[in-house]
Amino acid sequence: MTQSGVISSSSTPIFKDQPAAIVRRSGNYKPTLWDAHFFQSLQVIYTEESYGKRISELKEDVRRILEKETENPLVKLEQINDLSRLGISYHFEDQIKTILNLTFNYNNASWKKDNLYATALHFKLLRQYGFSPVSSEVFNAFKDEKKEFKESLSKDVKGMVCLYEASFYSFRGEPILDEARDFTTKHLKQYLMTRQGQTKSVDHHDDDHDLVKLVEHALDLPLHWRLPRLEARWFIDMYAERNYDMTPTFLDFAKLDYNFVQSAYQKELKYISRWWSGSRLTERLPFARDRVVEIFYSAVALKYEAEFGFVRTVMTKIGLLLTLMDDIYDVYGTLDELQLFLEAIERWNINELDQLPDYMKILFVAFYNNVNEISYYVLKENGIHTIKYLKKALGDLCKCYMEEAKWFHSGHIPSLEEFIENGWKSITIPLCLIYHYCLITTSITEQDMEHLLQYPTILRVSGTIFRFIDDLGTSSDELERGDNPSSIQCYMREKGVSENESREHIWNLISEGWKEINEVKASNSPYSQVFIESAIDFVRGAMEMYHKGDGFGTNQDRYLKTKVVNMFFDPIPI
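Residues numbered from 1 in each chain as written. Predicted model: local features only at pLDDT ≥ 70, side-chain atom pairs only at ≥ 80, totals over all residues. Heavy atoms only, no water.

Chemist: Can you help me understand the overall build of the chain in this one?
Modeler: Assigned secondary structure in the chain consists of 24 helices and two strands. Whereas a compact globule of 574 residues would reach a radius of gyration of roughly 25 Å, the chain reaches 25 Å, a difference of no more than 12%. In terms of principal-axis extent, the alpha carbons of the chain reach across some 90 × 60 × 50 Å. A total of 574 residues make up the chain; the buried ones form 57% of that total. For the chain, the proportion of contacts with a sequence separation of at least 24, taken over those separated by at least 6, is 73%. Looking at the chain as shown, the accessible area adds up to about 25500 Å², and 49% of this sits on carbon and sulfur atoms. (Helix = DSSP H or I, 4+ residues; strand = E, 2+ residues; numbered from the N terminus. Rg over C-alpha atoms; globule rule 2.2 N^0.38 Å. Buried < 20%, exposed > 50% of the residue type's maximum accessible area, 1.4 Å probe, protein only. Contact = heavy atoms within 4.5 Å. Areas by Shrake-Rupley, 256 points an atom, 1.4 Å probe, with all protein chains shown as cover.)

See the structure below:
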């Protein structure tokens, strides 16, 4: 390997007519942080056999608390919010929807009147759980005669945090929520500066200290954009420190449920690690990234509940194969080889592989086996043959990879529009969601699959946001190793702006994309809320992974490493 990160696949030719050596690039990817021995050494403790009875008891205790009547609906909203952030609300969906149904039309109720916190919390929860229509005009009550948010609201820090979080559930064409976000961001930053400037000692567990932590957490990344499982791990620790309105039963159940689900992940990682080692793909393709944990993290983002282990293992296998294919198209393969692989995917014939280079044959066979496995599962469970759709989605992805390879080899720098038109598919999210849909949907029709392969809004917007947040986190590393320009560089070149200005523009596009996602969630979609929520959580996983650097490609993101360790390997002390 040379200093420029280029490697040669063969030596200098000896004979005159012998083909010249193929010069190949290298991504200089760092090795995985976790090896197979580590996974197999994991001690799975919180199993159904050892803790199932206690989990059932605590679950019933929480249910009784949630169903207990109260004169003040705000108490119930706060319980729902706490259960959601603690990561256990999924056990009580029916009870939560019943409560929110009862409060749906309480716009002028006394418990909300002139109460910013109650109004914002109610609005946030209704939109979070898909109640529609929920008008943002309720916040006009907190504006002055100039139709601006009252400055006096800044003293209500708890209400300001809640209004800030609520603003991220906005739709397009809701300027009042854009104003709310700007207003609360400004004043919450000022609040932090004031608190940091104070020199007097503060009790570690006082209410103000909790507020400071909530404000810092919110401004770092809003709750709506956070991955629920990672949020649960953070909030459980936060909740345990609260010396007011903390419900011990909620905390006990959250801890035990978290550890129980983590044990399910550990069993799955043991299996996936054995499968991955047995595939020997990293031996045959040593130039590519080995990222079992990071890809399993994305599978957990898609569906985190313990009972979806099969879905996670299948999606992790597909994700590992897609990463290898991405590295072949981005870094290693020649244009001629990449075209041959695309044609092989489109033919989908295991008997016609002779034209492929040896290093591509093993990857094709791995795809062939695993995609056919998904098709077999769907046929068995739903009676529909989906292989033509799954193959079509994989072929569409290869075409996008091929387009980017052509850009690289020709030195073409696309416009931002041209880049995104290709990039929202090449980020692999639409394909992953199509495969995921087949695994979690109990009744699939030919029409459903045809519509999915037309790439509806939820797939397009999810892929677009994922592409943008990936570019923000990985652009510097990719430029250093000579990859294609990202959306950031495309916009810089197109508009003649600085990198900071380009990044700000991309963040604005991400924010607008989230508004579209919110609209899809609130609309009468032909797809289930379960599937739509999976797509949203997939994007949330990217927000967590990339918003402080490249938590996937370079493995330098300590922030993400800590969170992954907490989510998969370190149980919460009981």
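The structure having been displayed, the exposition proceeds.
Chemist: I would appreciate a short explanation of the packing of helix 9 (residues 228–241) against helix 10 (residues 248–279) in the present structure.
Modeler: Between two packed helices, both the angle of their axes relative to each other and the distance between the axes serve to describe the pair. In contact at an axis separation of 10 Å, helix 9 and helix 10 are set at 145° when each is read in the N-to-C sense. Helix-helix and strand crossings are classified by hand; for helix 9 and helix 10 the assignment is left-handed. Where helix 9 abuts helix 10, its residues Arg229, Ala232, Arg233, Ile236, Tyr239 and Ala240 lie against Phe250, Leu251, Ala254, Lys255, Asp257, Tyr258, Val261 and Tyr265. Among the residues making up the contact of helix 9 with helix 10, the classes are represented as ten nonpolar, no polar and four charged. (Axes fitted to C-alpha atoms, helices over the stretch in contact; angles between N-to-C directions. Left-handed = near helix turned anticlockwise from the far one by under 90°. Nonpolar A, V, L, I, M, F, W, Y, C, P; charged D, E, K, R; others polar.)

Chemist: Explain the nonpolar core here, please?
Modeler: For soluble globular proteins, nonpolar side chains are generally found buried alongside one another. With 186 residues, the main nonpolar core has Met325, Phe341, Phe367, Tyr435, Ile510 and Phe568 as its most contacted residues. If one sorts the elements of this core by residue count, helix 10 sits on top with 13 residues. Those residues in contact with Ile510 that sit more than four places away from it in its chain are Trp225, Ile465, Phe468, Ile469, Leu472 and Met543. (Core = buried A, V, L, I, M, F, W, Y, C linked by side-chain atoms within 4.5 Å.)

Chemist: Would you explain the packing of aromatic side chains in this entry?
Modeler: For any pair of aromatic rings, geometry is given as the distance between the ring centres together with the angle between the planes. For the structure shown, the criterion picks out 36 aromatic pairs. Taking the centre distance of 5.9 Å and the plane angle of 50° together, the rings of Trp34 and Phe569 count as tilted. In this pair, Trp34 is assigned in the loop between strand 2 (23–25) and helix 1 (36–40) and Phe569 in the segment after helix 24 (558–568), connecting sequence segments 535 residues apart. Taking the relative accessible area as the measure of exposure, Phe569 reaches 9% and is therefore buried. With 5.9 Å between their ring centres and 35° between their planes, Phe235 and Tyr239 make a pair best called tilted. Taken as a pair, Phe235 and Tyr239 lie in helix 9 at a separation of four residues, close to a single helical turn. Of the two residues, Phe235 and Tyr239, both sit in the buried class. Each residue in the set Trp34, Phe38, Phe39, Tyr265, Phe296, Phe568 and Phe569 is aromatic and connected to the rest through ring pairs, giving one cluster. Above the face of the Tyr117 ring, Lys158 is positioned so that its terminal group lies 4.5 Å from the ring centre. Geometry around Phe308 places Lys303 over its ring, the cationic atom sitting 4.6 Å from the centre. (Phe/Tyr/Trp six-rings, centres within 6.5 Å; stacked < 30°, edge-to-face > 60°. Lys NZ or Arg CZ within 6 Å of the ring centre and 35° of its normal.)

Chemist: Is there a simple way to explain the pattern of salt bridges in this structure?
Modeler: Two side chains that carry opposite charge are able to pair once their charged atoms sit near each other. Enumeration according to the criterion identifies 36 salt bridges in this entry. Among the salt bridges present, the one from Glu179 reaches Lys143, with a minimum N-O distance of 2.6 Å. Of this pair, Glu179 sits in helix 7 (residues 175–197) while Lys143 sits in the loop between helix 5 (116–128) and helix 6 (157–167), and the two are 36 residues apart along the sequence. Taking the relative accessible area as the measure of exposure, Lys143 reaches 14% and is therefore buried. (Salt bridge = Lys/Arg side-chain N within 4 Å of Asp/Glu carboxyl O.)

Chemist: Just to check I follow, could you spell out the state of the cysteines for this structure?
Modeler: Joining two cysteines, a disulfide is a covalent bond between their sulfur atoms. For the coordinates displayed, the defined rule picks out zero disulfides. For the unlinked cysteine Cys400, the closest cysteine sulfur is that of Cys398, found at 9.4 Å. (Disulfide = S-S within 2.5 Å.)

Chemist: I would appreciate a short explanation of the environment of Ser462 in the present structure.
Modeler: In this structure, Ser462 sits in helix 20 (residues 457–480). For Ser462, a relative accessible area of 0% puts it in the buried group.

Chemist: Mind showing me how you'd approach the packing of helix 14 (residues 335–347) against helix 16 (residues 387–410) here?
Modeler: One way to put it is that helix 14 packs onto helix 16 with a least axis distance of 9 Å and a crossing angle of 170°. Judged by the angle between their axes, helix 14 and helix 16 are roughly antiparallel. When you trace helix 14 past helix 16, the crossing you get is left-handed. Touching Leu335, Leu338, Gln339, Phe341, Leu342, Ile345 and Glu346 of helix 14 are Lys391, Leu394, Gly395, Cys398, Lys399, Met402, Ala405, Lys406 and His409, all from helix 16. Of the residues in the contact of helix 14 with helix 16, the class split is nine nonpolar, three polar and four charged. (Parallel < 35°, antiparallel > 145°, perpendicular 65-115°, else oblique.)

Chemist: Can you help me understand the environment of Leu509 in this one?
Modeler: You can see Leu509 is positioned in helix 22 (residues 499–522). Classification of Leu509 by relative accessible area gives partly exposed; the value is 28%. A C-alpha to C-alpha distance of 34 Å links Leu509 and Thr445, two positions 64 residues apart in sequence. Ignoring sequence-local partners within four residues, the contact set of Leu509 consists of Leu416 and Phe468.

Chemist: Help me understand a negative patch on the surface in this model?
Modeler: Negative charge collects at one region of the surface, where Glu417, Glu418, Glu421 and Glu494 lie side by side. For the negative patch, the element with the most residues is helix 17 (residues 416–426), which contributes three residues. For Glu417, the location among the structural elements is in helix 17. (Patch = residues over 30% accessible without salt bridge, like charges linked within 9 Å, V, L, I, M, F, W, Y side chains within 5 Å. Lys, Arg positive; Asp, Glu negative; His and termini not counted. Charge placed at Lys NZ, Arg CZ, Asp CG, Glu CD.)

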